[in-house]
Structure formats: structure tokens, C-alpha cells
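Here is what each chain is made of, one letter per residue.
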Amino acid sequence: MITRQRLAAGVCALLAALTAGIAFPTGAVADETAEQAAPKVELVLDVSGSMRARDIDGGSRMSAAKQAFNEVLDATPEEVQLGIRTLGANYRGNDRKTGCKDTAQLYPVGTLDRTEAKTAVATLTPTGWTPIGPALLKAADDLDGGNGTRRIVLISDGEDTCQPLDPCEVAREIAAKGIGLTIDTLGLVPDAKTRDQLSCIADATGGTYTSIQHKEELTDRVGQLVKRAADPVVTPVAVEGATACTSAPTLKSGLYTDREEFGQHRYYRVDVKPGQELRASVSVAADREVNPDYGVLLRAVTVHGREIVRGEAAGNGRTDVVSTGLRYPKAESDDENAPAETVCLQVSNSFSAASGVKTTPGMPVELTVDVVDGPDQASDVASFGLGRGWWLLGALVLTGFLAGVLWGWVSRLRIAVWRTN
């Protein structure tokens, strides 16, 4: 009874983790006991001419931003290294090429001197262009280095005016580097185009988008995002899957990120010892416009390509992330020196790009691998071609046989009665 209760509890816990698209690894990818670098945040503020508009609680957008910055600077946790970058703050002319280079670091990322930072913010005056893409590239460089949390908080009231450097593509390129940098965006009184662009930037890096209409909303949201950077997290490790199992990287328990192109297959290897159980889950995010009806497949196969078990999920265009998972318990062995089995995890997707949408870099993939002690009396499902499906197949065959015998007996009885009459 105790064994069954433990197994049932384990199954419920696993299903809950897979439903959310993540499993909490017992062995972290990064050593959680090791001291991590201080969290870094850079506030990127749009200081373009449109920030003069007076449509936030009777005041200008710029004054609302300054008030929010002053309050956030007072409440920033001591352990957070904070910096401020501007875009459109210095060039007043009409030369587009020059205006699209107008981004500067107002306050360097580091230990916060609140008085100095507030003084720098007070000097800002709405001025020029809106080079969001160039500002994001520079902000990513400002936060480069270290293994702590890194976050960009972008506050803007309009679309980027420096195309064709699409800020959404810039965000995807930043995410593709696998440096664990998140971009959160806030739109001040946004129109539909601004909202779509800022949402796309946030989605590309796993960040959030918030529409702002009032001063209090801006202050509260920026404060939340800065404080969130101080929360302890397990930083995903960037890994590059292979196109074949033989050349795939070997993973241990932990959280990993990768990129997968449309319709691509990615392979990863995991060693599972007798008596252990492999639990894996994968999430693929549609960070750009895709056609409806898509799916994600996660397969565990042997090195010879024979399927052990699979997990799959489908979407119909209403969700941005599709997740699935699987578990494979490796049976105990009487041989104490029995080697570990190499299991290949194959991640596949059936996404297709909408017309005119770029297919590179690939879509974000988050893969969780957890190798734990297996449940009591676990069977080696890899020893059966259909895994545990053999048991169901056997039950169906036996049921069909018994049903056939019973139907034959009933038919003979009816015929016998008919002949008698």
C-alpha cells in the first residue's frame, strides 16, 4: 500500500510539472549552492519628442516616467545592480541616420547611487527619434558578463522609427545568443502598432508586455520588474542539439535552452542507470506569427532508433507555447556493474511560418531533464518494442479471444435451439 501511494504521488507530481511545461530538477544545471553574480537591470527609456504629449493623468508622459523612476530608485533592492539607458535623448535634428544612433547610457549598470541616478534622470527632455533596436543592442552589451539574472525594462510610447533594423528581430537575436537576458516592455498610452511591436519584443525573450495609462501603473510595474530580478532563479544553460543521436550532446539533470527551426529535429543524449527514472519535458514557443494547427513531439529512443516512449501535444493557434513530456523508468539489474543506458531525446515540431515571416533564428526551446531514483518494481519499458503498450495490446487480444469464444458458444446454442424447434 505504501509503495502504491508513493508511486501515485510521484505520478501526480510529474503530471503537474509537465502540464506547466517545466519540471523542477533535483540536480541543477548551475550549482545553486555556488555564489551567483548580482542581478543586473537596465531601464531603457524612450526620450523621443512624442514623450511631450500630456495624456497621462493631466501631465506629460515624460513627467510620469521621471516620477516613476524616482520612486523605483528609492525602492531598488541593495543587491540589484541598476543602470539607465536612453534613446532619442540627445539629437534634435532631422537626419535619420544620425537620429537612429541616438542612444546613450545615462547611468552605468552597477551599485546604485540613488542621488546621482535621480539627478541624471532630472536632466532629461523629450528630444528626438525612437531607435529602439539600436538601444536594445547596446543595452544587451551593458549587461554582458556574469551568471546572475539580467533584465532590460523598456519604456516607450511609440514604434521604432529606425527600420529596417526591426527591434523584434533584434530581440530574437539577443534570445538566440542563449545569455538568459529577459526584455520586459511597457507601452505608454500605446496604439495598436506600438502594442504589437512591444509585445513581440517581450515574447521573443520570455518577457512581459504591459500597457500603461496612469502614473501609478507605471511606478508599480517598473518596481515589480526591478524587484523580480532579485528573486532566486535557476538559470537555463544554452545547449545546441544535433541532427542525429550519434553526435548529440550528453545532458545531466537540469534546465536547458536551445533554438529549433520550423519542422526541424533536435537530438540530445541522457545516460540512465538501472534503477533510475528519466523525466523530461519540452516547451517550444512561437515567438513570431505562425500558421494555425501545429504540434510538438518529444521521443525517447534507443541509440539504434527504436522508440521507447513519447509525449506529444498540439495547438490550434490560440497559444504561444506548446509543451509535452515523458518518463522512462529503467529497471533494476542483478549486475551491480551494469552500465548506464544511453537514451536519445528527440524534439520535433510541426510549426510553419506565416507568409513573409523569417524562419531564422529558430524558435525558443526549453528542455527539462531530470534523472531520479526509479519507482519500486519498475519494468524496463525499452525491452518491449511498444513499451507498456504491450500490456494493453495483450489485454485487448485476450478480451477479443474470450469475446469470440463466448459469441461462438451463444451462436451454436441458438442454432441448436432453432433445429430442435
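Everything here concerns the structure above.
Nothing here was measured: the structure is a model prediction, and the numbers come from that model.

Peer 1: Mind showing me how you'd approach the state of the cysteines here?
Peer 2: As used here, a disulfide is simply a covalent bond connecting the sulfur atoms of two cysteines. What the rule picks out here adds up to three disulfides. At a sulfur-sulfur separation of 1.6 Å, the disulfide partner of Cys245 is Cys344. Of the two residues, Cys245 sits in the loop between β7 (237-238) and β8 (250-251) while Cys344 sits in strand β15 (residues 341-349), which places them 99 residues apart along the sequence. Owing to a relative accessible area of 11%, Cys245 belongs among the buried residues under this scheme. In the protein chain, the bonded cysteines, numbered by position in the sequence, are linked as 1-2, 3-4, 5-6.

Peer 1: Sorry, what's going on with the sheet that holds strand β4 (residues 150-156) here?
Peer 2: Note: strands within a sheet are paired through backbone hydrogen bonds, in either parallel or antiparallel orientation. Judged by pairing direction, the sheet is mixed, and its six strands sit side by side in the order β3-β2-β1-β4-β5-β6 without closing on themselves. Strands at the two margins of the open sheet, each flanked by one partner only, are β3 (103-110) and β6 (209-212). Here the strands of the sheet are splayed against their neighbours by 15° on average, with no regard to which way each runs. Pairing of strand β1 (residues 40-46) with β4 involves six bridges; the strand directions are parallel. Of the residues in β4, the one forming a bridge with Leu45 is Ile155.

Peer 1: How should I be thinking about the packing of aromatic side chains in this particular structure?
Peer 2: Any two aromatic rings considered together are summarised by their centre-to-centre distance and by the angle between their planes. Inspection of the entire model under this criterion finds one aromatic pair. With centroids separated by 4.5 Å and ring planes inclined at 15°, the aromatic side chains of Tyr294 and Phe351 adopt a geometry described as stacked. Highlighted residues: Tyr294 in strand β12 (residues 294-301) and Phe351 in the loop between β15 and β16 (363-373), separated in sequence by 57 residues. Assigned by exposure class, Tyr294 and Phe351 land together as buried.

Peer 1: What's the story with the pattern of salt bridges in this structure? I'm lost.
Peer 2: When the charged atoms of two side chains lie near each other, side chains of opposite charge can form a pair. Under the definition given, this model contains 18 salt bridges. A salt bridge links Arg85 to Glu42, with the nearest nitrogen and oxygen atoms 3.9 Å apart. Pair noted here: Arg85 is in strand β2 (residues 81-87) and Glu42 is in strand β1, with a separation of 43 residues, a long-range link. Overall, the relative accessible area of 0% leaves Glu42 in the buried class. Across the pair Lys118 and Asp74 runs a salt bridge whose closest N-O atoms are separated by 2.6 Å. On the criterion of sequence distance, the pair formed by Lys118 in helix α4 (residues 114-122) and Asp74 in helix α2 (residues 61-75) is long-range, its members being 44 residues apart. Classification of Asp74 as partly exposed rests on a relative accessible area of 47%.

What counts as what
Residues numbered from 1 in each chain as written. Predicted model: local features only at pLDDT ≥ 70, side-chain atom pairs only at ≥ 80, totals over all residues. Heavy atoms only, no water. Disulfide = S-S within 2.5 Å. Helix = DSSP H or I, 4+ residues; strand = E, 2+ residues; numbered from the N terminus. Buried < 20%, exposed > 50% of the residue type's maximum accessible area, 1.4 Å probe, protein only. Pairing = 2+ DSSP bridges. Axes fitted to C-alpha atoms, helices over the stretch in contact; angles between N-to-C directions. Phe/Tyr/Trp six-rings, centres within 6.5 Å; stacked < 30°, edge-to-face > 60°. Salt bridge = Lys/Arg side-chain N within 4 Å of Asp/Glu carboxyl O.

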